[in-house]
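Descriptive structure summary
For reference, the chains in residue letters:
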Amino acid sequence: LNEIDFDSGWQLLTQLGLRTEELTTGSDYDHLDGSLTFFPISPFFSIPLGAPLFATAGQDDTFDWSGEVRLRSPADRRLRVSIGGFYYDFEREGRTMTNAAVSNINPQGLSLLEDTQGIENIDAFATLDFDITDQLDISIEARYQEETKSLRELDNGPNQAATYEQEVKFDDFIPKVILGYDINDDMSAYASYAKGVKPGGVNGP
């Protein structure tokens, strides 16, 4: 978080966030005992063969970052204004892990890239706070967001044409209003109205 204070009392605030993750998961999708057979080495020792109980596993590599810029007026004024913008970008690459070697050059059982997922969110927002009287104040916020979600499946490997590819976009206007009243020094009351939005997505084929 970076904050710049101007001589006029206005403030410019910026912030940046980065995240990277490598997630490995495993699951027993049929809940059976497993298809294990044993190759005997001696009366006391054998080698298990076949699929174990946890027969499916995957690895997701994700990277996302976000940034925000906000310009804010002095806090000691009767009318206070804040305007800004926000950006978010998310990318995920998915692979399947197996218990057998996929190829001679990939003995760890990690398959080629199978699917990618993307999310991009762009916001613009503004807030207006006004002290109607010494006891009564109102806050009005407006936000416009545009979110794009995509899914690309590569069943034949990353060097082949995608077997499924889809992108969807959601545009939303999100308002918020708060009316507050100070009854006395120890008690206050407020009423608020807000709209919440959760954009949809792409389920695949």
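This report concerns the structure included in the present document. Please read all numbers here as calculations on a predicted model, not as lab measurements.

Parameters and conventions
- Residues numbered from 1 in each chain as written.
- Predicted model: local features only at pLDDT ≥ 70, side-chain atom pairs only at ≥ 80, totals over all residues.
- Heavy atoms only, no water.
- Patch = residues over 30% accessible without salt bridge, like charges linked within 9 Å, V, L, I, M, F, W, Y side chains within 5 Å.
- Areas by Shrake-Rupley, 256 points an atom, 1.4 Å probe, with all protein chains shown as cover.
- Salt bridge = Lys/Arg side-chain N within 4 Å of Asp/Glu carboxyl O.
- Helix = DSSP H or I, 4+ residues; strand = E, 2+ residues; numbered from the N terminus.
- Buried < 20%, exposed > 50% of the residue type's maximum accessible area, 1.4 Å probe, protein only.
- Contact = heavy atoms within 4.5 Å.
- Polar contact = N/O pair within 3.5 Å; in protein donor to acceptor, adjacent residues only side chain to side chain.

A surface patch of nonpolar side chains, about 420 Å² in accessible area, is lined by L79, L128, I140, V177 and Y193. As for its position among the elements, L128 is in strand β7 (residues 115-131). Under the relative-accessibility criterion, L128 is labelled partly exposed at 35%.

Okay, the environment of D60 next. The topology assignment puts D60 in strand β5 (residues 56-72). Given a relative accessible area of 25%, D60 falls into the partly exposed group. Separated by 32 residues in the primary sequence, D60 and R92 have C-alpha atoms spaced 6.5 Å apart. Residues within four places of D60 in sequence aside, it is in contact with E21, E22, L23, R92, E93, G94 and R95. Side-chain polar atoms of D60 contact the side chain of R92, separated by 3.2 Å.

The next subject is the pattern of salt bridges. Under the criterion given, the structure shown has 12 salt bridges. One salt bridge in this structure joins R70 and E68, with 3.2 Å as the shortest N-O distance. Its relative accessible area of 24% is what places R70 among the partly exposed residues. A salt bridge links K169 to E146, with the nearest nitrogen and oxygen atoms 3.9 Å apart. Of the two residues, K169 is situated in strand β9 (residues 164-184) and E146 in strand β8 (residues 136-153); the sequence distance between them amounts to 23 residues. One continuous salt-bridge network, built from bridges that share partners, spans R19, E21 and D64.

Looking at where Q59 falls in the secondary structure, it is placed in strand β5. We classify Q59 as buried; its relative accessible area is 10%. Only 3.3 Å separates the side chain of Q59 from the side chain of D61, close enough to count as a polar contact.

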